[in-house]
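# Summary of structural features
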Amino acid sequence: MKSNESATNTTFINGKGQIIEMLSIMDGGHREMLLRNIGLRDPSLASELREKSISIKILEQLRDSDIKAVFPHIPAQIWGLSIKDQNVEFQRRSLKLADKGYAFEAFKIMKAQGITKEQVKRAQKKVIDTLIELNRRSVIRAQ
């Protein structure tokens, strides 16, 4: 095989991107075990992967105390939008953890008509950014 042929047949593998994608869909226990194993060899990589793999699905795995710690950093309307397409059990759980006024405002926007997928995605991005920051400052533990 000629050297220029081997260069054109090269396949690019984005290993870090694939790991981030895997971590974002894994359950908490398996996710943490994989990150711990990576951390044994490269702590900074494990930290980067932990941060970049935080997704809106991680909300469902947070402890009640961590969810409560997020509320002061997220307006109720943003919270309501961000959980609009989450499963009903998590919606109920999170709203029960909030104080009455916050839960009412979040529920009202969550059930509002005319909300676009783009609005939900923007709200979820704000929540994810907040989770990353709170995790970085050790206010919460997003596994």
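Scroll up to find the structure.
All values reported here derive from a predicted model rather than from experimental measurement.

What counts and how
Residues numbered from 1 in each chain as written. Predicted model: local features only at pLDDT ≥ 70, side-chain atom pairs only at ≥ 80, totals over all residues. Heavy atoms only, no water. Helix = DSSP H or I, 4+ residues; strand = E, 2+ residues; numbered from the N terminus. Rg over C-alpha atoms; globule rule 2.2 N^0.38 Å. Buried < 20%, exposed > 50% of the residue type's maximum accessible area, 1.4 Å probe, protein only. Contact = heavy atoms within 4.5 Å. Areas by Shrake-Rupley, 256 points an atom, 1.4 Å probe, with all protein chains shown as cover. Lys, Arg positive; Asp, Glu negative; His and termini not counted. Charge placed at Lys NZ, Arg CZ, Asp CG, Glu CD. Arc of directions from axis to C-beta. Core = buried A, V, L, I, M, F, W, Y, C linked by side-chain atoms within 4.5 Å. Phe/Tyr/Trp six-rings, centres within 6.5 Å; stacked < 30°, edge-to-face > 60°.

Attention now moves to the overall build of the chain. Along the chain, the regular secondary structure elements total nine helices and zero strands. Reading the chain from its N terminus to its C terminus gives the helix and strand order α-α-α-α-α-α-α-α-α. Taking 15 Å as the expected radius of gyration for a compact globule of 143 residues, we find that the chain reaches 19 Å, considerably beyond that expectation. Principal-axis analysis of the C-alpha atoms places the extent of the chain at approximately 70 × 35 × 25 Å. Counting over 143 residues, the chain shows a buried share of 37%. The contacts of the chain with a sequence gap of at least 6 include a subset with a gap of at least 24, amounting to 72%. By element, 55% of the accessible surface of the chain is carried by carbon and sulfur atoms, the whole surface being about 9100 Å². Positive and negative side-chain charges in the chain, numbering 25 and 17 respectively, have mean positions lying 3 Å apart.

So, about helix α4 (residues 43-52). Listing the buried residues of α4 in full gives Ala46, Leu49 and Arg50. The buried residues of α4 occupy an angular sector of 100° when the element is viewed end-on, so they sit on one face. Relative to its buried face, α4 has exposed residues pointing more than 90 degrees away, namely Ser44 and Lys52. Next to the buried residues of α4 lie α2 (15-25), α3 (28-41) and α9 (117-136).

Membership of the largest hydrophobic core comes to 30 residues, with the highest contact counts inside it found for Leu59, Trp79, Val127 and Leu131. At the level of elements, α5 (64-70), α6 (76-82), α7 (88-97), α8 (100-110) and α9 are the ones that each hand at least two residues to this core. With six residues, the single largest contributor to this core is α9. Not counting residues within four places of it along the chain, the set of residues in contact with Val127 comprises Ile56, Leu59, Ile74, Ile78, Trp79 and Ser82. With six residues, the next largest nonpolar core counts Ile20, Leu35, Ile38 and Leu49 among its residues.

Here the focus is the packing of aromatic side chains. Counted by the stated rule, this structure contains two aromatic pairs. With a centroid separation of 5.1 Å and 85° between ring planes, the pair formed by Phe71 and Trp79 is classed as edge-to-face. Here the two residues Phe71 and Trp79 agree in accessibility, since each one is buried. An angle of 45° between the planes, with centres 4.8 Å apart, marks the rings of Phe71 and Tyr102 as tilted. Within this pair, whereas Phe71 is found in the loop between α5 and α6, its partner Tyr102 is found in helix α8, the two being separated by 31 residues in sequence. No difference in accessibility class separates Phe71 from Tyr102, as the two residues are buried. Taken together, Phe71, Trp79 and Tyr102 form an aromatic cluster joined through their ring pairs.

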